[in-house]
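Listed below are the residues making up each chain.
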Amino acid sequence: MNKYLRIFAIVMIAGLVASCSDFLEEDVKTQVSNERYSTPEGFNEAVNSAYSYLRTFYGTEEGLTATVFGTDTYREGADGDFKAMNRYSNEFDSFSYPIESIWRNMYRGINITNTVIARSEGGVEGLSGEEVTRRTAEVRFLRGHFYFILVQFFGPVHLTTEETEGVELEASRAPISDVYDQIISDLEFAANNLPVEPEQYGRATKPAAEHLLSRVFLTRATTDAAGSNDYQMAADLAETVIDDYNFQLLDDYGDIFAVGNEQNAEVIWAVQYSENSLVNGTPDHDLFRGGNSSHLYFNFPYDQEPGLFRTVEFGRPFRRFRPTEFTTQEMFHVDDRDVDSRYKKTFKDAFRVIDPGTYSNVDGVEVTFAEGDTAIWFPGYNMPLSEQQTYNMQVITPEEYNFINFPPLWKHTDPNRASVNETGGSRDWMAFRLAESHLIAAEAYYYMDGAGSPDAIAHLNAVRERAAWPGEEATMAAETAQLLASDGIDFILDERGRELLGEGFRWFDLKRTGKLVERATQYNPDTVPPTGGLEEFHNLRPIPQSQIDLTDGGESAFPQNPGY
């Protein structure tokens, strides 16, 4: 294919450690011979290594930039790069780093999975046939996952299932129907051959494969490759995950993201990170931060405000992603917050004083802070300055939000970092959770049966009733049928936004439902002139120029997506 797809023989992340440890704990090996992959140790090392490439996407600046930016829910904050991806301006082109990184790393992962599958044929001496099949199912789950990310972003992509043992310069773009067929084949094999419970936390499982497969069918249904029963398959698989295993929606939405509770009953499958930064990425990940860096990008510069300074608990105050006015004022409408708990449990709306003293100009008046007082409060609604001044704190109202000051998303906070300036986090990324299974089923039933579908309403209510403040469950449920009837897929998108905000779904959701241009241009002012230029062709990302240049025949053999 290209130079990025040579055999992974220079660096291999290796080693399954003691039985009581998560399998992510690996040792770094160099100069691994080609023959090692046919040994039991090398074969398992290659399987483990394949998992690491999901850590170049989930919980990274690249993955979040590609899925959060340029949507209806998030726009650009004050700092950081890659703003052209939010604006869809002319600078967003085939040289854009996040896109090139995703392309390169997904194919690196694919090549490792192809290597494992090739070596599994005929068995591996020293391993039982059962173990070889199970490990092959794991990497087929991963290969399907890699290709699913690629086909959503780029459309037709190069499709290879063979181990690359040297430099290949020939490549072509397979029809998306072929890509989806391969994804589904891989995931069905995985679902049929993986255990329900993982032998070690973090390994792929049967319900994880079924959940991803339900998402694949839901997505394929909206493409030219759609099958006649895709929505039914999506619904059936989602309900299998919901009904046939031991996953449960947590009673309290806030508990899902509580620090230390990452392995909870709602998580179907997670991308693992570790407190050992040496094993948290891949050696060739260009923005390698040594861990889950999602905690960095949704904050605001609290350390520049009276009564505060930077702490590990409150995080590094990067402000990459700023919620749109639609997110804070409409999707989480102020009138709904006494019923729906998710606004309060999604955003951090107050910071306590850690630097006590008297400050002369806080909302225009002098205040005296004692340790533990509230230093900053985001009430979420507007009030006159005279009212703000009655509080012994700084009050930041929605009309004062800007590219610096806004309520920070708090799902990804990581107070376990070693120091205030440490960027690498250690929390697992919850890639699949049960609430999404319900939302997949709801969307599939909506498209099959219309807004009156009792199944769609039931699955939406499972999520909405859990989100309600105690005693408000009936109020939440009573509104669902009416809102689905009046707003249709927009209501489902709003519900996905409330439930899954900042979790790496939004760009995919808007593209899948055909709402990217409509909703982003309506709610994200950065996407329209004079700063932006979002058009329909942006429903695909540009093919990296490096791929085209390294392919024999150039663009005639590997054409760019239209518009770029």
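Source: prediction; values computed, not measured.

J.: What's the story with the overall build of the protein in this structure? I'm lost.
T.: Looking only at helices and strands, the protein features 19 helices and 11 strands. For the protein, whose C-alpha radius of gyration is 24 Å, the value lies close to the compact-globule estimate of 24 Å for 564 residues. Within the span of the protein, comprising 564 residues, buried residues form 61% of the whole. Long-range contacts, defined here as pairs at least 24 residues apart, represent 71% of the contacts in the protein between residues at least 6 apart. About 20400 Å² of surface is accessible on the protein, with carbon and sulfur atoms providing 46% of the total. Where the 46 positive side-chain charges of the protein centre and where its 90 negative ones centre are 3 Å apart.

J.: Just to check I follow, could you spell out the nonpolar core for this structure?
T.: By size, the foremost hydrophobic cluster in this structure holds 140 residues, and its most contacted members are Phe141, Leu150, Phe153, Ile183 and Trp269. Tallying contributions element by element places helix H5 (residues 129–154) first for this core, with 13 residues. Counting residues in each nonpolar core, the second largest holds 7 residues, with Leu250, Tyr253, Phe257 and Ala270 among its members.

J.: Could you clarify how one ought to interpret the side chain of Gln200 in this entry?
T.: Mapped onto the elements of the fold, Gln200 is located in the loop between helix H6 (176–193) and helix H7 (206–220). Gln200 sits in the buried class, given a relative accessible area of 9%. At 3.0 Å, the side chain of Gln200 and the side chain of Arg203 are in polar contact.

J.: Would you explain the confidence of the model for the protein in this entry?
T.: In low-pLDDT regions, the fine details of the predicted coordinates are not to be read closely. Scored by pLDDT, the protein comes out at a mean of 92, with 92% of its residues at no less than 70. Within the protein, no element has a lower average pLDDT than strand S1 (residues 11–14), which sits at 30, and none a higher one than H7, at 99. Ignoring residues within four places in sequence, the model shows residues 1–30, a span with pLDDT below 50, making 103 contacts including any to other chains.

J.: Whenever I open this one, the packing of aromatic side chains confuses me. Can you help?
T.: Aromatic rings considered in pairs are described by the distance between their centres and by the relative angle of their planes. Under the definition given, this model contains 41 aromatic pairs. Between the aromatic rings of Phe153 and Phe154, the centroid separation amounts to 6.1 Å while the plane-to-plane angle is 65°, which identifies the pairing as edge-to-face. Geometrically, the ring pair formed by Tyr231 and Tyr447 is stacked, given 5.1 Å between the ring centres and 20° between the ring planes. Pair noted here: Tyr231 is in helix H8 (residues 230–244) and Tyr447 is in helix H12 (residues 434–449), with a separation of 216 residues, a long-range link. Judged by relative accessible area, Tyr231 falls into the buried class, the value being 17%. The ring of Tyr343 has Arg337 lying over it, and the distance from NZ or CZ to the ring centre is 3.8 Å. For the cation-ring pair, Arg496 lies above Phe505, with the distance from its terminal atom to the ring centre recorded as 5.5 Å.

J.: I keep staring at the packing of helix H13 (residues 454–467) against helix H15 (residues 489–500) and nothing clicks. Help me out?
T.: In helix packing, the relevant descriptors are the interaxial angle and the interaxial distance, both defined with respect to the helix axes. At their nearest, the axes of H13 and H15 sit 11 Å apart, and the two run at 40° to each other. Judged by the inter-axis angle, H13 sits oblique to H15. Like other packed secondary-structure pairs, H13 and H15 cross with a definite hand, here left-handed. Note on element contacts: H15 touches H13 through Phe491, Ile492, Glu495, Arg498 and Glu499, opposite Leu460, Val463, Arg464 and Arg466. For the contact of H13 with H15, the per-class residue count stands at 4 nonpolar, no polar and 5 charged.

J.: Quick question: what am I supposed to make of the environment of Thr358 here?
T.: Position of Thr358 among the secondary structure elements: in strand S7 (residues 357–362). The sequence separation of Thr358 and Val334 amounts to 24 residues, and the corresponding C-alpha distance is 32 Å. A distance of 3.0 Å separates polar atoms of two side chains, one belonging to Thr358 and the other to Thr368.

J.: I'm lost on a negative patch on the surface in this one. Help?
T.: Residues Glu162, Glu168, Glu170 and Asp552 make up a contiguous surface patch of negative charge. Positionally, Glu162 belongs in the loop between H5 and H6. Looking at Glu162, the relative accessible area reads 59%, which means it is exposed.

J.: What's the story with the sheet that holds strand S9 (residues 374–377) in this structure? I'm lost.
T.: Note on sheets: strands pair through backbone hydrogen bonds, and any given pair is parallel or antiparallel. Strand order in the open sheet made by the 3 strands is S6-S9-S10, with mixed pairing throughout. Two strands in the sheet have a free side with no partner beyond their single neighbour: strand S6 (350–352) and strand S10 (394–395). Alignment of S6 against S9, held across 3 bridges, turns out to be antiparallel. Across the sheet, Ala350 pairs through a bridge with Trp377, a residue of S9.

J.: Explain H6 to me, please; I cannot follow it from the model alone.
T.: It helps to recall that an α-helix has 3.6 residues per turn; residues three or four apart then point in one direction. Given a rise of 1.5 Å per residue, 18 residues ought to cover 26 Å, and the 26 Å separating the end C-alpha atoms of H6 matches this to within 8%. Within H6 the residues assigned to the buried category are Val179, Tyr180, Gln182, Ile183, Ile184, Asp186, Leu187, Ala190 and Ala191. Next to the buried residues of H6 lie H5 and H7.

J.: I keep staring at unusual backbone geometry and nothing clicks. Help me out?
T.: Comment: phi is negative for the bulk of residues other than glycine, and the bulk of peptide bonds are trans. The residue after Pro529, namely Pro530, is reached through a cis peptide bond having omega 10°. Looking at the element boundaries, Pro530 is found in the loop between helix H17 (516–523) and helix H18 (545–549). One non-glycine residue, Phe82, lies in positive phi territory at about 65°.

J.: Whenever I open this one, the environment of Asn361 confuses me. Can you help?
T.: When you line up the elements, Asn361 lands in strand S7. Considering only alpha carbons, one finds Asn361 and Gln152, 209 residues apart in sequence, at a separation of 50 Å. Within the structure, the side chain of Asn361 is placed 3.0 Å from the backbone nitrogen of Gly364, a separation counted as a polar contact.

J.: What exactly am I supposed to notice about empty space enclosed by the protein here?
T.: Rolled over the atoms, a probe as big as a water molecule pinpoints where empty space is left. Summed over all chains, the structure comprises 10 cavities of 30 Å³ or more. One number sums up the size of the largest cavity: a volume of about 150 Å³. What lines the largest cavity is Phe257, Asn292, Ser294, Lys411, His412, Asp414, Arg427, Asp428, Trp429, Met430 and Glu503. Partitioning the lining of the largest cavity into residue classes produces 3 nonpolar, 3 polar and 5 charged.

J.: Would you mind going over the packing of H5 against H6 with me for this structure?
T.: As a packed pair, H5 and H6 sit with axes 8 Å apart at the nearest point and diverge in direction by 150°. What the angle tells us is that H5 and H6 run roughly antiparallel. For H5 against H6, the interelement crossing comes out left-handed. Residues Thr133, Arg134, Thr136, Ala137, Arg140, Phe141, Arg143, Gly144, Tyr147, Phe148, Val151 and Gln152 of H5 lie in contact with H6, whose contacting residues are Ile176, Val179, Tyr180, Gln182, Ile183, Ser185, Asp186, Leu187, Phe189, Ala190 and Asn193. Here the residues of the contact of H5 with H6 are counted per class, giving 12 nonpolar, 7 polar and 4 charged.

What counts, and where the lines are drawn
- Residues numbered from 1 in each chain as written.
- Predicted model: local features only at pLDDT ≥ 70, side-chain atom pairs only at ≥ 80, totals over all residues.
- Heavy atoms only, no water.
- Helix = DSSP H or I, 4+ residues; strand = E, 2+ residues; numbered from the N terminus.
- Rg over C-alpha atoms; globule rule 2.2 N^0.38 Å.
- Buried < 20%, exposed > 50% of the residue type's maximum accessible area, 1.4 Å probe, protein only.
- Contact = heavy atoms within 4.5 Å.
- Areas by Shrake-Rupley, 256 points an atom, 1.4 Å probe, with all protein chains shown as cover.
- Lys, Arg positive; Asp, Glu negative; His and termini not counted.
- Charge placed at Lys NZ, Arg CZ, Asp CG, Glu CD.
- Core = buried A, V, L, I, M, F, W, Y, C linked by side-chain atoms within 4.5 Å.
- Polar contact = N/O pair within 3.5 Å; in protein donor to acceptor, adjacent residues only side chain to side chain.
- pLDDT = per-residue confidence, 0-100.
- Phe/Tyr/Trp six-rings, centres within 6.5 Å; stacked < 30°, edge-to-face > 60°.
- Lys NZ or Arg CZ within 6 Å of the ring centre and 35° of its normal.
- Axes fitted to C-alpha atoms, helices over the stretch in contact; angles between N-to-C directions.
- Parallel < 35°, antiparallel > 145°, perpendicular 65-115°, else oblique.
- Left-handed = near helix turned anticlockwise from the far one by under 90°.
- Nonpolar A, V, L, I, M, F, W, Y, C, P; charged D, E, K, R; others polar.
- Patch = residues over 30% accessible without salt bridge, like charges linked within 9 Å, V, L, I, M, F, W, Y side chains within 5 Å.
- Salt bridge = Lys/Arg side-chain N within 4 Å of Asp/Glu carboxyl O.
- Pairing = 2+ DSSP bridges.
- Expected span 1.5 Å × (residues − 1).
- 1 Å grid on protein atoms, 1.4 Å probe; cavity = no way out; pocket = protein on both sides within 12 Å on 5 of 7 lines; lining within 4 Å.
- Points joined across faces, edges and corners; volume = space filled by probe spheres on them.

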